[in-house]
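Listed below are the residues making up each chain.
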Amino acid sequence: KSLYAKNIGYTNSTKRAGIENIDPSVTVTGVLGGKSGMKKLSSYLNSKGYGFYPMYSFTTGYGYSYLFGRQRYTSKSISQDYAIQMPYEIATGQATVGGKAGYVLSPRYYESLATSFVKNYKKYSVSGVYLDDLGNASYSDYGKKVNIYSAGSSLYQSKALETISYNENIMANNPNDYAFPYITNANNVPVTTTMYGSVDRSCPLYQLVVSGLIDYSSPYINYGNNNNIRWNLLKAIETGSNLSYVISYDDTSVLLDTAYTDYYNSYYMNWKETIINMTKELNDLGIYSSRLVGHEYITDNVVKVTYENGLTILINYETTTYNDIKTGFALKANSYVVIKEANNA
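Remember, predicted model here, so these are calculated numbers, not experimental data. (Residues numbered from 1 in each chain as written. Predicted model: local features only at pLDDT ≥ 70, side-chain atom pairs only at ≥ 80, totals over all residues. Heavy atoms only, no water.)

### Points about the pattern of salt bridges
Opposite charge on two side chains permits them to pair, given that their charged atoms come into close proximity. What counts, and what does not: In what follows, salt bridge is the name for a side-chain nitrogen of Lys or Arg lying within 4 Å of a carboxyl oxygen of Asp or Glu. Labels follow the DSSP assignment, with helices taken as runs of H or I lasting at least four residues and strands as runs of E lasting at least two, numbered in each case from the N terminus. Throughout this description, buried means an accessible area under 20% of the type-specific maximum (1.4 Å probe, protein chains only), exposed means over 50%, and partly exposed covers the range between.
The tally for this structure, following the rule as stated, stands at eight salt bridges. The partner of Arg291 in a salt bridge is Glu308, with the nearest N and O atoms 3.1 Å apart. Of this pair, Arg291 sits in the loop between helix H7 (268-285) and strand S12 (292-299) while Glu308 is found in the loop between strand S13 (302-307) and strand S14 (312-316), placing the two residues 17 residues apart along the sequence. Taking relative accessible area as the criterion, Arg291 reaches 31% and is therefore assigned partly exposed. Glu308 sits in the partly exposed class, given a relative accessible area of 49%.

Next up, the structure:
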């Protein structure tokens, strides 16, 4: 059981709500309830046995709450231009015309920001934090007085993660290996590879490594996902992934004419039955009670996965029935079958 909260709020403004500047003060915007609302929500979730991970962005922001912040703290390119990130339109995949640029913080300030963050975060009585950028992205800084290469950036991130992990449980967004010692949960972990021309098949190597080490979940099923529900269920079985959704309390019609229209598919009541049914099926299957230890291709679209407790499952991604010669059984398209029960079943 775990939840994370994105740093957003529903307003009639086209401007993003929440913390926009890189700022160690950790101020929660009033539209999210402020300090009292955050403490109340955290207390309620803890009483229900849920982990709570409000999202905090370390590496980028629209500005700084520091004097001469942009000049002093922003990473620079080889040409000494400021490193920036532009928002993108989902429909076109292009940078938003007239969009507000986000500045990239130099890696050398990660640890000091983490120290200030921990100190100021304690007042909310929250024991977890979701870091959507620290641990999964490497930035360089080619300033005149310092040169930090992309590979070295991971060392700065590790120190910041270590500082935070002493005080908080950390959920990270698709984290790299150097973040593993410091996190308790990994979110948005891909269940397929890039499938470039040089790649023949997709093997869940990431999940085989981290299974049993940390809890991890798949990419959001209802956000930025072009695959159907059944495919996502089969991928959860194949990779041992927890399910992940983006959910809103209100009907998303309230998001029209705001900057949040990309969350159009998040209304909870539209997803309630799907979430319950998928979760029940995976729990009954028992994949979360053991580690993923084996993955084997039978054909290009039929795979066999094995868990440490002996549970072995055959999955058919084909659009036609798969007939297994060895066992003689037929497996329907887009389906799975348990070919060996768990040892403790």
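Still more to cover.
### Points about the sheet that holds S13
Short version of the rule: Paired strands, in this sense, are two strands between which DSSP finds at least two bridges. Interaxial angle, 0 to 180 degrees, is taken between N-to-C directions of lines fitted to C-alpha atoms, where a helix line uses only the stretch in contact.
With antiparallel pairing, four strands are arranged side by side in an open sheet as S12-S13-S14-S17. Strands at the two margins of the open sheet, each flanked by one partner only, are S12 and strand S17 (335-340). Between one strand and the next, the sheet's axes are offset by a mean angle of 20°, whatever the strand orientation. Two strands pair when backbone bridges link them, and S12 and S13 are joined in this way by six bridges, in the antiparallel orientation.

### Side note on the nonpolar core
Which entries qualify depends on this criterion: Nonpolar core, defined: a set of buried Ala, Val, Leu, Ile, Met, Phe, Trp, Tyr and Cys residues in which side-chain atoms within 4.5 Å join the residues together.
Within the largest apolar cluster, 40 residues are counted, with the highest numbers of intra-cluster contacts made by Phe58, Phe117, Leu131 and Ile164. Those elements that provide at least two residues to this core are helix H1 (34-47), strand S3 (51-56), strand S7 (102-104), helix H3 (110-121), strand S8 (128-131), helix H4 (150-165) and strand S9 (169-173). Tallying contributions element by element places H3 first for this core, with six residues. Judged by nonpolar contacts, the second largest core, of 23 residues, contains Leu233, Leu282, Leu292 and Tyr307.

### Digging into H7
Just so we agree on the cut-off: For a helix, the expected span equals 1.5 Å multiplied by the number of residues minus one. Any two residues whose heavy atoms approach within 4.5 Å at even a single point are treated as in contact.
Between its first and last C-alpha, H7 extends 25 Å over 18 residues, near the 26 Å set by a 1.5 Å rise per residue. Looking only at H7, the buried set comprises Trp271, Ile275, Met278, Leu282 and Leu285. Residues of H7 that are buried sit in contact with helix H6 (229-239), S14 and S17. One or two positions beyond H7, positive phi appears at Gly286, with a value near 85°.

### Here we look at the pairing of S3
A regular strand carries its side chains on alternate faces of the sheet. Summarising burial for S3: six of the six residues are buried, a large majority. By the alternation rule, side chains of S3 split into Gly51, Tyr53 and Met55 and Phe52, Pro54 and Tyr56, which are all buried. Where S3 lies against S8, two bridges are found, and the strand directions are parallel. Bridge pairing in S8 links Met55 to Tyr130.

### Describing the environment of Asp215
Assignment of secondary structure puts Asp215 in strand S11 (residues 215-216). Along the chain, Asp215 and Tyr288 lie 73 residues apart, while their C-alpha atoms are 9.5 Å from each other. The residues contacting Asp215, other than those within four sequence positions of it, are Thr184, Asn185, Ala186 and Asn242.

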